[in-house]
Amino acid sequence: DAGVIQSPRHEVTEMGQEVTLRCKPISGHNSLFWYRQTMMRGLELLIYFNNNVPIDDSGMPEDRFSAKMPNASFSTLKIQPSEPRDSAVYFCASSLGTKNEQFFGPGTRLTVL
Amino acid sequence: SQQGEEDPQALSIQEGENATMNCSYKTSINNLQWYRQNSGRGLVHLILIRSNEREKHSGRLRVTLDTSKKSSSLLITASRAADTASYFCATDAGHQFYFGTGTSLTVIP
């Protein structure tokens, strides 16, 4: 298995631009999580899905952030418009069931200038 | 906040020594997990301990859980340079998942 796949690995964009991060979970996993990691705030859970349905999005910082999971093998996290304070590493993770071991992707390092 | 907190924030030991890091949390949990993160990489799951368990082993890792004190510890025995990484505890309470702030472990060869 290839593990959790995220793209792009690095993204540099200018303030105000739309950013879309992509995630392919491990086949067979039914839970998917989006995290953000910064030095200041550590690792924060943004949103998670179970069976493609968003369960808890209370960690999404504001309306500029949105996430979708149109099918079991794909999810996106969109930031529109992006701001410099969104600069962080964004991780996607998947698991079989929400209370079990999570498998993390390599992350997307986002820099907003 | 229900976030777990690891202690110490940073730990530096000689290769071969044991490393102990602690995690405290604030609310009742279903399970607690420990993860490792090497620099620039994603997190890797190490071990999961459920709320009805008190101790668990996996290779050189030993995890304890004290639900009455709302704390857990991770012991790495006979440390190796390759154990250098950040270690996080993650707590699961209902629909909420929280990662701690992490302990940065440096193992000096």
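Computed from a prediction, not measured in an experiment: that's the story for all the values here.

Colleague: For this particular structure, what's the right way to read the packing of aromatic side chains?
Modeller: The description of an aromatic ring pair uses the distance of the two centres, along with the angle that the planes make with each other. Per the stated rule, a full pass over the model turns up eight aromatic pairs over all chains. When the centroid spacing of 5.3 Å and the interplanar angle of 55 degrees are considered together, the rings of Tyr-35 of chain B and Phe-99 of chain B count as tilted. Placement of the pair is Tyr-35 of chain B in strand 4 (residues 31–37) and Phe-99 of chain B in strand 10 (residues 96–99), with a sequence separation of 64 residues. Summarising the burial analysis for this pair, Tyr-35 of chain B and Phe-99 of chain B share the class buried. An aromatic cluster of at least three residues, connected via ring pairs, comprises Phe-33, Tyr-35, Tyr-48, Phe-91 and Phe-104 of chain A together with Tyr-35 and Phe-99 of chain B.

Colleague: Any chance you could explain the pattern of salt bridges here in plain terms?
Modeller: Note on pairing: side chains with opposite charge can pair once their charged atoms come close. For the coordinates displayed, the defined rule picks out 12 salt bridges over all chains. Overlapping salt bridges, with partners in common, bring together Glu-62, Arg-64, Glu-83, Arg-85 and Asp-86 of chain A in one network.

Colleague: Hey, could you run me through the sheet that holds strand 1 (residues 5–7) of chain B in this one?
Modeller: Each strand in a sheet pairs with its neighbour through backbone hydrogen bonds, running either in the same direction (parallel) or in the opposite one (antiparallel). All names here are of chain B. Across the sheet, which stays open at both edges, the five strands sit in the order 1-3-8-7-6 with antiparallel pairing between neighbours. Two strands in the sheet have a free side with no partner beyond their single neighbour: strand 1 and strand 6 (55–58). The mean angle between the axes of side-by-side strands here comes to 20 degrees, regardless of whether they run parallel or antiparallel. Here strand 6 runs beside strand 7 (residues 61–66); their pairing, made up of four bridges, is antiparallel. Directly across from His-57, in strand 7, lies its bridge partner Arg-62.

Cut-offs applied
- Residues numbered from 1 in each chain as written.
- Chains lettered and ligands numbered in written order.
- Predicted model: local features only at pLDDT ≥ 70, side-chain atom pairs only at ≥ 80, totals over all residues.
- Heavy atoms only, no water.
- Phe/Tyr/Trp six-rings, centres within 6.5 Å; stacked < 30°, edge-to-face > 60°.
- Helix = DSSP H or I, 4+ residues; strand = E, 2+ residues; numbered from the N terminus.
- Buried < 20%, exposed > 50% of the residue type's maximum accessible area, 1.4 Å probe, protein only.
- Salt bridge = Lys/Arg side-chain N within 4 Å of Asp/Glu carboxyl O.
- Pairing = 2+ DSSP bridges.
- Axes fitted to C-alpha atoms, helices over the stretch in contact; angles between N-to-C directions.

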